[in-house]
Amino acid sequence: MLIIQKYGGTSVGSIERIKGVAKRVAATKDAGHQVAVVVSAMSGETNRLLGLAKEVTSRPDERESDVLVSTGEQVSVALLAMALKDMGYPAFSMLGHQVQIETDSAFGRARIKNINADRLLSALRDGHIVVVAGFQGVDAEDNITTLGRGGSDTTAVALAAATRADVCEIYTDVDGVYSADPRICPHAKKLSRISHDEMLELASLGAKVLQIRSVEFAKRYQVPVHVRSSFSLDEGTWLVHEEPNMEDVIVSGVTSDLDQVKITVQHVPDRPGLAAKLFGPIAAENIVVDMIIQNASAEGYTDLTFTVPKGDAQKALATVGAAAPELGAKGVVSDTGVAKVSIVGLGMRSHAGVAARMFDALSREGINIQMISTSEIKISVVIDAKYTELAVRVLHDTFVTPVE
Ligand code: ADP
Ligand code: ASP
Ligand code: MG
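Draft legend 1. Quick peek at the overall build of the chain. Looking only at helices and strands, the chain has 13 helices and 20 strands in total. The globule rule puts the C-alpha radius of gyration for 404 residues at 22 Å, and the 23 Å found for the chain is close to it. Taken along its principal axes, the extent of the C-alpha atoms in the chain is 80 × 55 × 35 Å. Out of the 404 residues belonging to the chain, those deemed buried represent 50%. By sequence separation, contacts in the chain at least 24 residues apart represent 75% of the contacts at least 6 residues apart. Working note: accessible area of the chain is about 18400 Å², and carbon and sulfur atoms make up 50% of it. Counting 40 positive and 50 negative side-chain charges, the chain places the averaged centre of each group 2 Å from the other.

Draft legend 2. Representation of the site of ligand 2 within the structure. The environment of ligand 2 is made up of Ser 40, Ala 41, Thr 46, Glu 73, Phe 135, Arg 149, Gly 150, Gly 151 and Ser 152. A distance of 2.8 Å is found between a nitrogen atom of ligand 2 and a side-chain nitrogen or oxygen belonging to Thr 46. Contact between ligand 2 and Ser 152: an oxygen atom at 3.0 Å from a main-chain N or O atom of the residue. Coverage of ligand 2 by the protein amounts to 86% of the 260 Å² it exposes when considered alone. Grouping the amino acids of the shell around ligand 2 by side-chain chemistry returns two nonpolar, five polar and two charged.

Draft legend 3. Local environment of the pairing of strand β18 (residues 338-344). A large share of β18 lies buried, amounting to seven of its seven residues. Of the two faces of β18, the one lined by Val 338, Lys 340, Ser 342 and Val 344 and the one lined by Ala 339, Val 341 and Ile 343 are each fully buried. In this sheet, strand β20 (residues 378-384) lies alongside β18 in antiparallel orientation, the contact comprising seven bridges. Paired with Lys 340 across the two strands is Val 382, which belongs to β20.

Draft legend 4. How the structure looks around the site of ligand 1. Around ligand 1, the structure places 16 residues, and the nearest of them are Thr 172, Asp 173, Tyr 178, Asp 181 and Arg 183. At a separation of 2.8 Å, an oxygen atom of ligand 1 approaches a polar side-chain atom of Asp 173. The side chain of Lys 208 places a nitrogen or oxygen atom 3.2 Å from an oxygen atom of ligand 1. Look at ligand 1: alone it shows 570 Å² of surface, and the protein chains cover 90% of it. Split into classes, the residues belonging to the shell around ligand 1 amount to seven nonpolar, four polar and five charged.

Draft legend 5. Focus on unusual backbone geometry. Backbone geometry places Gln 100, a non-glycine residue, at a positive phi of 85 degrees. Locating Gln 100 in the fold gives a position in the loop between α5 (96-99) and β4 (101-103). According to the relative accessible area criterion, Gln 100 is partly exposed, its value standing at 34%. Even without being a glycine, Phe 135 presents a positive backbone phi close to 80 degrees. Tracing the sequence through the fold places Phe 135 in the loop between β6 (129-133) and β7 (136-138).

Draft legend 6. Structural context of the packing of aromatic side chains. Applying the stated criterion across every chain, the model contains three aromatic pairs. Centroid distance Phe 217 to Tyr 221: 5.8 Å. Interplanar angle 25 degrees. Geometry classified as stacked. Look at Phe 279 and Phe 306: their rings are 5.2 Å apart centre to centre, the planes differ by 80 degrees, and that puts the pair in the edge-to-face class. With Phe 279 in helix α10 (residues 274-284) and Phe 306 in strand β16 (residues 301-309), this residue pair connects regions lying 27 residues apart in the sequence. Like Phe 306, Phe 279 is buried. In this structure, Arg 220 is placed above the aromatic ring of Phe 217, and the distance from its NZ or CZ to the ring centre is 5.8 Å.

Draft legend 7. Here's a closer look at the sheet that holds strand β10 (residues 193-195). Spatial ordering of the open sheet is given by β3-β6-β2-β1-β9-β11-β12-β10, a layout of eight strands whose pairing is mixed. Of all strands in the sheet, those bounded by a partner on one side alone are β3 (91-94) and β10. Ignoring which end each strand starts from, the neighbouring axes of this sheet average 20 degrees apart. Of the strands in this sheet, β1 (2-7), β2 (34-39), β6, β9 (167-172) and β11 (225-229) are in contact with helix α7 (residues 151-162), which crosses β9 at around 165 degrees.

Draft legend 8. Fine view of the sheet that holds β16. On the basis of which strands lie adjacent, the open sheet formed by four strands has the order β15-β16-β14-β17 and antiparallel pairing. Lying at the two open borders of the sheet, with one neighbouring strand each, are β15 (292-294) and β17 (331-335). Neighbour to neighbour, the strand axes of the sheet diverge by 15 degrees on average, direction disregarded. Here β15 runs beside β16; their pairing, made up of three bridges, is antiparallel. By the bridge assignment for β16, Ile 292 is matched with Phe 306. Contacts from α10 reach β14 (260-269), β15 and β16 within the one sheet, and its direction differs from that of β16 by about 25 degrees. Each of β14, β16 and β17 touches helix α11 (residues 313-327); the most contacted strand, β14, lies at about 0 degrees to it.

Draft legend 9. Fine view of the side chain of Ser 40. Its place among the elements puts Ser 40 in the loop between β2 and α2 (45-56). Judged by relative accessible area, Ser 40 falls into the buried class, the value being 10%. Among all residues touching Ser 40, those that are not within four sequence positions of it are Lys 6, Tyr 7, Gly 8, Gly 9, Val 12, Glu 73, Ser 76 and Ser 152.

Definitions and limits used
Residues numbered from 1 in each chain as written. Chains lettered and ligands numbered in written order. Predicted model: local features only at pLDDT ≥ 70, side-chain atom pairs only at ≥ 80, totals over all residues. Heavy atoms only, no water. Helix = DSSP H or I, 4+ residues; strand = E, 2+ residues; numbered from the N terminus. Rg over C-alpha atoms; globule rule 2.2 N^0.38 Å. Buried < 20%, exposed > 50% of the residue type's maximum accessible area, 1.4 Å probe, protein only. Contact = heavy atoms within 4.5 Å. Areas by Shrake-Rupley, 256 points an atom, 1.4 Å probe, with all protein chains shown as cover. Lys, Arg positive; Asp, Glu negative; His and termini not counted. Charge placed at Lys NZ, Arg CZ, Asp CG, Glu CD. Near = heavy atom within 4 Å. Polar contact = N/O pair within 3.5 Å; in protein donor to acceptor, adjacent residues only side chain to side chain. Nonpolar A, V, L, I, M, F, W, Y, C, P; charged D, E, K, R; others polar. Pairing = 2+ DSSP bridges. Phe/Tyr/Trp six-rings, centres within 6.5 Å; stacked < 30°, edge-to-face > 60°. Lys NZ or Arg CZ within 6 Å of the ring centre and 35° of its normal. Axes fitted to C-alpha atoms, helices over the stretch in contact; angles between N-to-C directions.

Dropping the structure here:
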């Protein structure tokens, strides 16, 4: 078999752990498989590097920021390849540009356009173990790019697609995908399988166990992905295409996202074209607006509230602030103390009354709902951030493992 293994930051977080990973990779090789390994930076390293940049300037140049943060992965591939060679295995490291992971030029959040896996495949056929730096790519002008936080997952799944690997194993610090973040919810249970569509929703709504783009690749190129623990041999969670009985489960997962800022444009004259005038400039800045609500108009005036990711809040506030006078708005306020809590499940398509049960469960805990959005297989609410963990636990107990 051709196996792509990916080890996350915690799994390569110390020299001891890198040696442990080397043993696991060696065992896979000894079992007769071809193996390529994708690794992340050692845990904490990417944040440390981003911190250094912020010490130099409050707005680091995006190109240089990618040159900087990509070094984290360069360190771990070298150390892992050394450990493998020391054990007598023919291993070598490759950086993103050496593999030829071609991306667009959106520094810090680049998208993979193409992977030329020829050199990698021929090295594997020759019996080498290839250790590939996660997170990194190269654009058409030979600039180093990075794929966004958690991007090593995407490197691994994209590489598995490009090499037509038999399996892509994502080794992490939990033993699979759970019905809620096991660090928040003590009753969370490991899912043996999860559909691509549910995983896409969970990933985009805050469950950082897989980067959303890795799930998109898995779905599009039918890559068998197995999320499992680097510290045990237990089976983890398989990403699968939807299966017939999956709709029987109403809610597969509960998740939360603190990376949200709520912005309210106050007391604007309620006229046709208002929303277009407000959201046009925000879109032009490439800011993704998530939830939007417009209050019922009172005496011809209304409030418009929407959420954006924290990283875009400053830019969004500046843009809206500039548009506010023209719109006739009284003011613009923002609130960073909010969280989005969501329930996700294929069963919502065929079961009625799920939203009502969700709102009822939250109200019984005295949690006020500020905004709501729904899609076919998810319901999200914005609440006060201080109730995030309580909300996750209550919703989990309501829908996933009801307490007697
Ligand atoms: P890695 O460094 O291996 O890429 P991450 O920290 O990116 O690991 O992702 C793993 C973490 O995701 C876990 O430690 C866990 O706290 C968190 N997580 C959030 N939601 C979930 C979930 N539903 N199932 C499993 N893990 C989750
Ligand atoms: N090192 C990068 C990050 O911390 C990529 C990854 O770990 O997947 O986001
Ligand atoms: Mg990760």
